[in-house]
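Coordinate analysis (summary)
Chain residues, written in single-letter form:
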Amino acid sequence: MNRILIAEDEERIAAFVEKGLRANGFTTTVAADGNTALDYAATGGFDLVVLDIGLPYRDGFTVLRELREARVTVPVIVLTARDSVGDTVAGLEGGADDWMTKPFRFEELLARVRLRLRTSSRTPEVTVLRSGDLSLDLRTRRASADGRTVDLTAREFVLLELFLRHPGQVLSREQILSHVWGYDFDPGSNIVDVYVRALRKKLGAGRVETARGMGYRLPG
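The rules we used
Residues numbered from 1 in each chain as written. Predicted model: local features only at pLDDT ≥ 70, side-chain atom pairs only at ≥ 80, totals over all residues. Heavy atoms only, no water. Core = buried A, V, L, I, M, F, W, Y, C linked by side-chain atoms within 4.5 Å. Buried < 20%, exposed > 50% of the residue type's maximum accessible area, 1.4 Å probe, protein only. Helix = DSSP H or I, 4+ residues; strand = E, 2+ residues; numbered from the N terminus. Salt bridge = Lys/Arg side-chain N within 4 Å of Asp/Glu carboxyl O. Arc of directions from axis to C-beta. Contact = heavy atoms within 4.5 Å. Polar contact = N/O pair within 3.5 Å; in protein donor to acceptor, adjacent residues only side chain to side chain.

A few words on the nonpolar core. Residues L160, F163, I176 and V192 are the most contacted members of the largest nonpolar core, which totals 26 residues. For this core, the leading source of residues is helix 6 (residues 154-165), giving six residues. Counting residues in hydrophobic clusters, the runner-up holds 20 residues, among them A7, I53, L64 and A96.

Right, here's the structure in full:
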């Protein structure tokens, strides 16, 4: 899963962006000031940064300049209330990959995030995920098991995609809940177990294993 750093000091906006990105399968971290944002981004542990300009301690322009001076090439999308041509030009010439002004539509931000991640990746985008005779076509949203087509609900599709992207890896209920439901449900809910059982019934026995006390995994 791609990791995105959200550098935003307005708690309401940060929470809105974080929830939306998590619901679409991204792992997120929020930094509420420029110093923290610079420290996080400089680690190289993020695939993209959503950067506000009006940050405390270090503003977004400074964070961006220091990242580029340090040869940190992580894609940066500036998300700011500043809409002057001068600010936009300064940001793009200073190393930003994109510039969005507030107020904004989340769907547009999501599209830009995905575009920048595709552009920065040197590997072609995978359109069909496979594990043995199990496959999932991300374009047609069709699953196949043992040569037969499997009809999935929207949530089952996202759940199977998560397993296929991490074959052999044990995924905790919390990880699954975050990815598939975006924390819209109580972590104590059994919704994950219910959907795993439904997925097993459709795919066939042995497709999704239980790691007792830990979570679930798709055999690698």
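Okay, back to it.
So, on to the pattern of salt bridges. Under the criterion given, the structure shown has 15 salt bridges. Its salt-bridge partner being R22, residue E18 comes within 3.5 Å of it at the nearest N-O pair. Placement of both E18 and R22 in helix 1 (residues 11-23) is noted, with a separation of four residues, approximately one turn of the helix. By relative accessible area, which is 21% here, E18 ends up partly exposed. With a shortest N-O distance of 3.5 Å, K102 and D52 are connected by a salt bridge. Of the two residues, K102 is situated in the loop between strand 5 (98-101) and helix 5 (106-120) and D52 in the loop between strand 3 (48-51) and helix 3 (60-69); the sequence distance between them amounts to 50 residues. The pair K102 / D52 is uniform in exposure class, with both members buried. Among the charged side chains, a salt-bridge network with shared partners connects D98, E108, R112 and R116.

With that settled, consider helix 2 (residues 34-42). Every buried residue belonging to helix 2 is among G34, A37, L38 and A41, and all of these are buried. One face of helix 2 carries all of its buried residues, which in axial projection span an arc of 95°. Tucked inside the fold, the buried residues of helix 2 contact strand 1 (3-7), strand 2 (27-31), strand 3 and helix 3. A distance of 3.0 Å separates the backbone nitrogen of N35 from a side-chain oxygen at the start of helix 2, and that oxygen is part of D33. At the C-terminal side of helix 2, G44 shows a positive phi close to 80°.

By themselves, these are just geometric observations and shouldn't be taken as functional.
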